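What follows is the residue order along each chain.
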Amino acid sequence: MSTIEATTSQRSGSQGRELDEGRLERLRHVIGHAGHLLPSQGPITVFVHHNTLHAFEDLPFDEAVQSGGRIFGCEPYLSEERYREALGRGRIRPVDLETVLRHDLNSRGDEPILSLCTRFELRLAMLRHSIQTGPAAELRWFVAETDALDRIREDAPSAVRERLLTDTHRRAMHDFTEMDGGAGERTGSDEFRDLVDDLRPRFGDLAKADWSDCSWEAFTLRALWRVCREGARGLKPVAATPPAIVRSRDLLLEATGRDTDLLVNDVLTRYCAAYLDQGLAHGVLPDRECGFYQAFCTVHRQPAGPPERWQIGLAQELARLQDGGIGPLACIAESLDRLGVREEQWDRFLSETLLALRGWAGMFQQVEERNDRVVHPIAPGSLVEYLAVRLVLERFAANDVAREELGYAGPLAELPKTVERRLPPHRSTSPEQRAFVVFQLAQLFGWTPHELHGLSRRGWASLVEEIESFPNVERRRVFHAAYERRYLNQILDAMSVHGRRDRQPVAVPQFQVFCCIDDREESFRRHLEEVAPDVETFGTAGFYNIAMYYRGAADAHFVPLCPAVVTPKHWVEERVVEATESNHQRRTKARRVVGAVSHWIHVASRSFAWGAVLSAGAGVVATVPLVSRVLFPRLAAGVRRRLGGHVQPASKTRLTLERAGAEPSPDEGGLGYSLDEMIGIAETVLRDVGLTEETLARLVLVLGHGSHSMNNPHEAAHDCGACGGAVGGPNGRAFAQIANNPRVRERLAARGLRVPEDTVFVGGLHNTCNEYVKFYDTDRVPASHREEFEAARGAIERALDRDAHERARRFDSAPLSISFEEARAQMDARAEDLAQVRPEWGHATNAVTIVGRRSRTRGLFFDRRAFLTSYDPTQDDADAAILARTLAAVVPVCAGIGLEYYFSHVDPYGYGCSTKLPHNVAALLGVMDGAASDLRTGLPWQMVEIHEPLRQLFVVETTPEAMRRVLDRSPSIDRLCRNGWIHLAILSPDSNDVQVFRDGRFHPYVPETTELPKARSSVDWYRGWRDFLDVAAIEA
Amino acid sequence: MSKFITLLGVVVVGSPVVLLIALGGWSLTGRRFNESVLSRAISATIAVGLLASIAVLAHMLVGDSRHVVIAPGSWVAVPGYHFSLRFVFDRLSVPFAILTYVLCGTIGAFGRRYLHREPGYDRFFVLYSVFLTGMVTASLAGTIETLFAGWELVGLSSALLVAFFQERPAPVRNGLRVWSVYRVSDAAFLMAALLLHRMTGEGDFDQLAGTGFWPYGEATLSSTQALTVGLLLLVAAAGKSALVPFSGWLPRAMEGPTPSSAVFYGSLSVHLGAFLLLRVSPILVLSPLLCGIIVALGLTTAVFAALTERVQTDIKSALSYASLTQVGIIVAEIGLLPPLLGPWACYIPLVHILGHACLRTLQFLRAPTLLQDYRLLENAIGTRLPRSRSIAGRLVARPVQIWLYRFAVERCYLDSWLDNYVVGPVLGLFRSFDRLERRWTAFLTGGTPRTSEHGLPPTTIFEER
């Protein structure tokens, strides 16, 4: 940088330098702004769910998805067919659609459209019936080759159909019957007759009145079609013209059909991966440490490059840039000038350019910003450098394509002038397309050919305008609102009806269980409460307020276990107990040898000489793991576990939780928390869930959760979101250890939080994929509690069987008649199966977050769709401080999960990363499709397949005043609610009243029903059905 | 006994054909497969075929018949000249057929779960059965024309599987590229087959090989004839096995679903070229020059691929270049060892193929689990994984290193070299023919261009048929 500035100053003096510097500064700012649009998914090994359209949160939801859709080239909602299919099977009820449409139109709904129908009727018909359209050529085919002109649409109501036919029949007879004495003046009916006169011979002699019904139907439709074409002719075209093209790539693509991005991306994909690589390749990009720009120039200016025609002169250009000391920013400015991009176009041009390879560009940004989370960090400013290289390549590619396809060799800045002549004319809607829509609507409403023929020009114009004011995107918006309304009402009904039931609180809980708020724990908790009715369960963010860097006894590094937005300040290590120290040392050594050998084989099998020796000498041995793991995954896993058992760390370990030194650090002495910090952790969690006075059972189980599966680059997306996409077992374990600490309890009592002396906490880990729970430090459970602990463990095992069974119903490969044990075995097998692309459904069913006492939801079947957060409004202070901190943690996480699933489902290719089948792990950072593609962000189709794309509904048990105070103090939550990115409702703490937050106010909700379906148990309710189920009351 | 083994042989060859007919026929009805019925049909086919081929092997090991021939008939037979459909069970074909069954069987079981609910499920398994039939036919082929038939089926199904995700442009583009390379290699193969027929009147391997059975045959061609035929076959093998200069298609073939890219390009079809060379090894040894060329081509490929593998930043490309390194070495072994050590040395490349195919399939299937594997390895070793340093890195000066890096990252420039120096001129030639034709037709018709150039129907008719 400094060198360029030096050269510039010599050239143009100090004034010019200031000008240049100002310009470059503006450029840097614009690039930073454009960068906001890039996907913000980091390295895939820690998967953090977030709103895919985070950059648009300032806009209302509908506006955001539509403009985001335009910018990214993606779908805003599901397709119309999907919604219509949902309407067909009752997922959207007619009443939902009508209510939503009425609300949308307000008073404008009853305005008449000419004298044909009301606006409401017109739009409802356009929603309920599929109105086909297409390019002119397709329409031509459709009209000529199908029975579109022979048969009235099958979905036309029969009364309408009758009216259409009878009326046309009568009027046609009237028009065609010639009276003796000749015609008088020409009238409308004469014009109509001229229009259809040539149709008559087709069907036989009209005078004999022997046309069949089919003939009349065909005649009617043909007449209608001609009238529509006549009417739609010569109307004003739709005004919208596409925005001017700023990228020369788009210009050339339009004019020649050649895509210069193919050339550029091919080179860039390779170098981006090489630059960002976290250790996959053996050979490192030369000069990587000097930044992308320098590294690319160094490598690519080498003589004797590939004979690519478009790269002729590139080496010289890079040499000029590098030797002339022209920095990346100056290089971008230069490219912009040469491409003829004016300063007011910078923003659009640069964001479009960045989005051309958005996955890789986004990863530049992510790795740059979170240098602490990667092994091989990159230099700051890399994204700017990437852009500089990209623009140089784009210039060369555009020059080449322009020269070859257009014979244009002038400067690129002048290219638009030359090319614009060659652009195909902008096509607006053709008269035939408009006519065809009216033609179809006429059949649905029974507008007769004569009626339409009688419309004035102005009438036609306003009819067409009315129809076109409700285009595809608008229809989908209304559909989506109806789709959500159905679900919202179902949940709110359940919440308000359920409250009316008489419930006995669990008087003396046998034991209590803490789980993460995760929607997957909903079914686990429900089943546990069913098999052990005297159990209480609680939900709280699964990192249990312990934000730590954690290292297990057999781990190489510390990993952060806390929400992604938090940077931990504490370090915790798992240590083996001293008695087993020597054993541990031996095992560590053995493990190191096994690891070193495996790694050597991994590398050597791919090398030249060793590869030959290994594959020729021992390659056939690979058939054993190959065949066994594919055909018998569970058995093979068992064998591996048994063999691996000899090198596993000793089972007796402890966490180093109590810090001796003053400052936390990863070194000996700095590990752990001080006593005060531990007290703070315990107090916050207990108060959050509302466990304050004498309400703790003798046994409390604290479960973290995680997921283990094979062959799954997206494994981390199934882990605990509250632990930043990692396995949360150590957090549960650490919390139990803290809460068991007598000194912590002593000081808690002083703060008015008495933990009974005979209460024992046990930490554990719930594996949500293979459905196992593992407990930690069970040797520390005192003898007095042993029996209860075993009983609790038994209950949990039974609940897990049932949980596995409920999950199995969603997998086609599990028979519906499967038993509990088989279901459990099948879940275990899924986790170990190399060929399994759906080890679990993860959050695929998420839809609602409920913040409140479990007693308000206990006994409701939520179908694994609900995040359940425990919060007791009666224990909160007047300022709602607990609610505020609970929501501050819960809302971003749950809304982020819901929205990421929403977008990955509505556009699996654009927002999601499409199907997993061709995925290819690249640079250890993400996945590509096949051999070389953009880095694919978002969720794979196999994770979101069964998802219902809905905005998350939050139901909070609180008062409007308290909720308002929370919103006032948290701008980010307020923004999400106000802009409709989430739905918010509140449930009164002491009645069953529900209020819905809409347009900035709380409106009372009127339940649609007073009864919920009842079932004896969850199994009784879901048995035999694979799809989503309504909320039911389980009367166990 | 000989009847029994013939029957077994028919089962080995016939079971994939039955599967192909069943699947192909059903898919022509336009109805979808039932996933579990389909998987049972595939398992049954594989089990029957595999057991039968193992039985043949056992019989060959126990008994003394080292060479069983099944000849369902001839396509053409005139005195002194015939094209016949023959299958040979010998020490080369039986291990290769067993390998085919084992790997295809594993992939069948894998794909059944991996492709569950995929829209292209049916298409995948129809192509799978085409591939299986092709591989079995090619490995057991007793004549060069039978081998060609199997070879074609393999090529067709491979290209279509690369383009499996046909709704995206990249797979289709790459599938087309694979297909064009295959076509070049097929053309060379066909020419070689015709030449052989021209020279000897037939394409039967056992006749070509003269007195002994593989690998102890002695061909009766002259050295020049062997060189000509051998070179053509080498081009064919180079295309199929992605040897230099055709290597560019191999990583591109990774566009398909993981299981098909694993078995088809990583392990089976990439070895088919080497298999072809092994099959005709009695011819190859006749010409030392040919052997020299084979060794050179094999080693060049191996070195190029090893160099490229080191800088690959995605696991599938890395594995496919690792695969190519070994294929290059195998080809070099075929050219080097039999002339040096005698015919028995053909077993070395054969064992190399078998071992390498199994190892690589396992690695390909496990490729998506790389991230977990790395974490496990790091935890076991206790540090970040070390990056291995190559010999080049230690010996070579920095400018050369940078040059080599780029050479490797751009995949040895092979694709752009082919595009610029082969495809470009050929296209140019044909375009000039086209221009010539256009001028001629214009001249002959008095100015009106060819009718094929204004194809669009009129745009005003919107109604009547």
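Calculation rules
Residues numbered from 1 in each chain as written. Chains lettered and ligands numbered in written order. Predicted model: local features only at pLDDT ≥ 70, side-chain atom pairs only at ≥ 80, totals over all residues. Heavy atoms only, no water. Helix = DSSP H or I, 4+ residues; strand = E, 2+ residues; numbered from the N terminus. Rg over C-alpha atoms; globule rule 2.2 N^0.38 Å. Buried < 20%, exposed > 50% of the residue type's maximum accessible area, 1.4 Å probe, protein only. Contact = heavy atoms within 4.5 Å. Phe/Tyr/Trp six-rings, centres within 6.5 Å; stacked < 30°, edge-to-face > 60°. Lys NZ or Arg CZ within 6 Å of the ring centre and 35° of its normal. Salt bridge = Lys/Arg side-chain N within 4 Å of Asp/Glu carboxyl O. Pairing = 2+ DSSP bridges. Axes fitted to C-alpha atoms, helices over the stretch in contact; angles between N-to-C directions. Expected span 1.5 Å × (residues − 1). Bend = angle between axes of the 7 residues up to and from the residue. Buried area = accessible area lost by both parts, 1.4 Å probe. Polar contact = N/O pair within 3.5 Å; in protein donor to acceptor, adjacent residues only side chain to side chain. Nonpolar A, V, L, I, M, F, W, Y, C, P; charged D, E, K, R; others polar. Arc of directions from axis to C-beta. Core = buried A, V, L, I, M, F, W, Y, C linked by side-chain atoms within 4.5 Å. Patch = residues over 30% accessible without salt bridge, like charges linked within 9 Å, V, L, I, M, F, W, Y side chains within 5 Å. Areas by Shrake-Rupley, 256 points an atom, 1.4 Å probe, with all protein chains shown as cover. pLDDT = per-residue confidence, 0-100. Right-handed = clockwise from strand over helix to strand, strands pointing away.

Focus on the overall build of chain A
Counting secondary structure elements, chain A contains 38 helices and 23 strands. At 34 Å, chain A has a C-alpha radius of gyration in line with the 31 Å of a compact globule built from 1036 residues. If you line up chain A on its principal axes, its C-alpha atoms span 120 × 85 × 65 Å. Looking at chain A as a whole, 59% of its 1036 residues are labelled buried. Across chain A, the fraction of contacts at a sequence separation of at least 24, relative to all contacts at a separation of at least 6, is 74%.

Topic: the packing of aromatic side chains
Tallied over the entire structure, the rule returns 50 aromatic pairs over all chains. Arranged with centres 5.7 Å apart and planes meeting at 70 degrees, the rings of Phe125(B) and Tyr128(B) form a pair that is edge-to-face. Of this pair, Phe125(B) and Tyr128(B) both sit in helix H4 (residues 121–140), three residues apart, roughly one helical turn. By relative accessible area, Phe125(B) is classed as buried at 1%. Owing to a relative accessible area of 0%, Tyr128(B) belongs among the buried residues under this scheme. The structure contains a cluster of three or more aromatic residues connected by ring pairs, namely Phe56(A), Phe61(A), Phe72(A), Tyr902(A), Phe903(A), Tyr911(A) and Trp981(A). Positioned above the aromatic ring of Tyr275(A) is the side chain of Arg288(A), whose terminal nitrogen or guanidinium carbon lies 5.5 Å from the ring centre. The ring of Phe811(A) carries Arg830(A) above its face, with NZ or CZ at 3.6 Å from the centroid.

Some words on the pattern of salt bridges
All names here are of chain A. For the structure shown, the criterion picks out 109 salt bridges over all chains. Between Arg-403 and Asp-400 there is a salt bridge; the shortest N-O distance is 3.9 Å. Within this pair, Arg-403 and its partner Asp-400 are both found in helix H18 (residues 382–406), separated by three residues, close to a single helical turn. Classification of Arg-403 as partly exposed rests on a relative accessible area of 47%. The closest approach of N and O atoms between Glu-677 and Arg-659, which form a salt bridge, is 3.1 Å. Of this pair, Glu-677 sits in helix H29 (residues 675–689) while Arg-659 sits in the loop between strand S8 (653–655) and H29, and the two are 18 residues apart along the sequence. Given the relative accessible area of 28%, Glu-677 is considered partly exposed. Ionic contacts of the salt-bridge type, sharing partners, join the residues Arg-247, Arg-249, Asp-250, Asp-259, Asp-261, Arg-390 and Glu-394 into one network.

Thoughts on the sheet that holds strand S6 (residues 559–561) of chain A
All names here are of chain A. If you trace the four strands from one edge of the open sheet to the other, you get S6-S5-S7-S8, paired in mixed fashion. In this open sheet, the two strands that pair with only one neighbour each are S6 and S8. Strand-to-strand twist across the sheet, computed as the mean angle between neighbouring axes with direction ignored, equals 30 degrees. Here strand S5 (residues 548–551) pairs with S6 via three bridges, running antiparallel. The partner of Met-548 across the bridge, within S6, is Leu-561. Seen against the sheet, helix H30 (residues 729–740) touches S5, S6, strand S7 (570–576) and S8 and runs at an angle of roughly 75 degrees to S8.

Quick notes on helix H34 (residues 881–906) of chain A
Residue and element names in this part refer to chain A. With 26 residues, H34 should cover 38 Å at 1.5 Å per step; its first-to-last C-alpha distance of 37 Å lies within 8% of that length. Of all the bends found along H34, the most pronounced is centred on Leu-887 and spans about 30 degrees. Of all the 26 residues making up H34, 19 are buried; the element is thus mostly covered by neighbouring parts of the structure.

Observations regarding the interface of chain A and chain B
Each partner contributes residues to the interface: chain A has 110 residues there, and chain B has 94 residues. Of the roughly 8800 Å² buried where chain A meets chain B, counting both sides, 58% is carbon and sulfur surface. Summed over the three residues of chain A that lose the most area to chain B, namely Arg606(A), Phe608(A) and Leu917(A), the buried surface amounts to 9% of that side. The interface formed by chain A and chain B holds eight salt bridges in total. Counting across the chain A and chain B interface gives 38 residue pairs in polar contact (both at pLDDT 80 or more). At eight residues, helix H25 (residues 581–604) of chain A tops the list of elements feeding residues into the side of chain A that touches chain B. Looking at the side of chain A that touches chain B, its residues break down into 53 nonpolar, 32 polar and 25 charged.

Quick word on helix H11 (residues 248–256) of chain A
Residues and elements named next belong to chain A. Residues Ser-248, Arg-249, Leu-251, Leu-252, Ala-255 and Thr-256 constitute the buried set of H11. One side of H11 holds all its buried residues, which, seen down the axis, span an arc of 160 degrees. The inward-facing, buried residues of H11 abut helix H12 (260–276), helix H15 (328–339), H18 and helix H19 (415–420). At the C-terminal side of H11, Gly-257 shows a positive phi close to 80 degrees.

So, the environment of Leu696(A)
Residues and elements named next belong to chain A. Its place among the elements puts Leu-696 in the loop between H29 and strand S9 (699–706). On the basis of relative accessible area, Leu-696 is assigned to the buried category, the value being 11%. Once the C-alpha coordinates of Leu-696 and Glu-821 are considered, the two residues, 125 residues apart in sequence, prove to be 33 Å apart. Contacts of Leu-696, omitting those with residues within four sequence positions, involve Gln-512, Leu-691, Val-755, Pro-756, Thr-759 and Phe-761.

Looking at the nonpolar core
Residue and element names in this part refer to chain A. Within the largest apolar cluster, 419 residues are counted, with the highest numbers of intra-cluster contacts made by Trp-447, Leu-452 and Phe-514. Here the element with the most residues in this core is H18; it accounts for 15 residues. Val-531, Val-781, Ala-795 and Ala-799 belong to the second-largest nonpolar core, a separate cluster that totals 22 residues.

A few points about the pairing of strand S12 (residues 848–852) of chain A
All names here are of chain A. The element S12 is extensively covered by neighbouring structure, given that five of its five residues are classed as buried. The side-chain alternation of S12 yields two buried faces, one formed by Val-848, Ile-850 and Gly-852 and the other by Thr-849 and Val-851. With five bridges joining them, S12 and strand S14 (residues 866–870) adopt parallel strand pairing. Each bridged residue has a counterpart across the sheet, and for Val-851 the counterpart in S14 is Thr-869.

Considering the sheet that holds strand S3 (residues 511–515) of chain A
Residues and elements named next belong to chain A. Strand order in the open sheet formed by five strands is S4-S3-S9-S10-S11, and the pairing between neighbours is mixed. Only two strands of the sheet have a single neighbouring strand rather than two, namely strand S4 (535–539) and strand S11 (772–775). The sheet shows a mean angle of 25 degrees between the axes of neighbouring strands, taken without regard to direction. As judged from the five bridges shared by S3 and S4, these two strands associate in the parallel manner. Of the residues in S4, the one forming a bridge with Cys-515 is Gly-539. Along the sheet face, H30 touches S3, S9 and strand S10 (760–767) and points at about 175 degrees away from the line of S10.

A few points about unusual backbone geometry
All names here are of chain B. Look at the link from Val-244 to Pro-245: it is a cis peptide, with omega at 5 degrees. Counting through the fold element by element, Pro-245 comes out in the loop between helix H8 (223–240) and helix H9 (249–252). Phi at Arg-411 takes a positive value of approximately 55 degrees, unusual for a residue other than glycine.

A word on the side chain of Thr137(B)
Residue and element names in this part refer to chain B. In this structure, Thr-137 sits in helix H4. Judged by its relative accessible area of 13%, Thr-137 is buried. Excluding residues that lie within four positions of it along the chain, Thr-137 makes contacts with Phe-87, Thr-146 and Gly-150.

So, a nonpolar patch on the surface
There is a patch of nonpolar side chains on the surface, built from Trp417(B), Tyr421(B), Val422(B), Val423(B), Val426(B), Leu427(B), Leu429(B), Phe430(B) and Phe433(B) and spanning about 850 Å² of accessible area. Within the fold, Leu427(B) resides in helix H18 (residues 414–445).

Comments concerning the confidence of the model for chain A
Residue and element names in this part refer to chain A. On average, residues of chain A score 90 in pLDDT, and 96% of them are at 70 or above. Summarising per-element confidence for chain A, the mean pLDDT is lowest in helix H1 (residues 2–35) (70) and highest in strand S18 (residues 953–957) (97). For the stretch residues 1–12, pLDDT sits under 50, and the model shows 12 contacts to residues farther than four places along the chain or on other chains.

Digging into the pairing of S3(A)
All names here are of chain A. The element S3 is extensively covered by neighbouring structure, given that five of its five residues are classed as buried. Covered by surrounding structure in S3 are Phe-511, Val-513 and Cys-515 together with Gln-512 and Phe-514, the residues of both alternating faces. Remark: the S3/helix H24 (residues 520–531)/S4 crossover connection has right-handed handedness. Strand direction decides the pairing type here: S3 and S9, joined by three bridges, are parallel. The residue bridging Val-513 from the neighbouring strand is Leu-701, located in S9.

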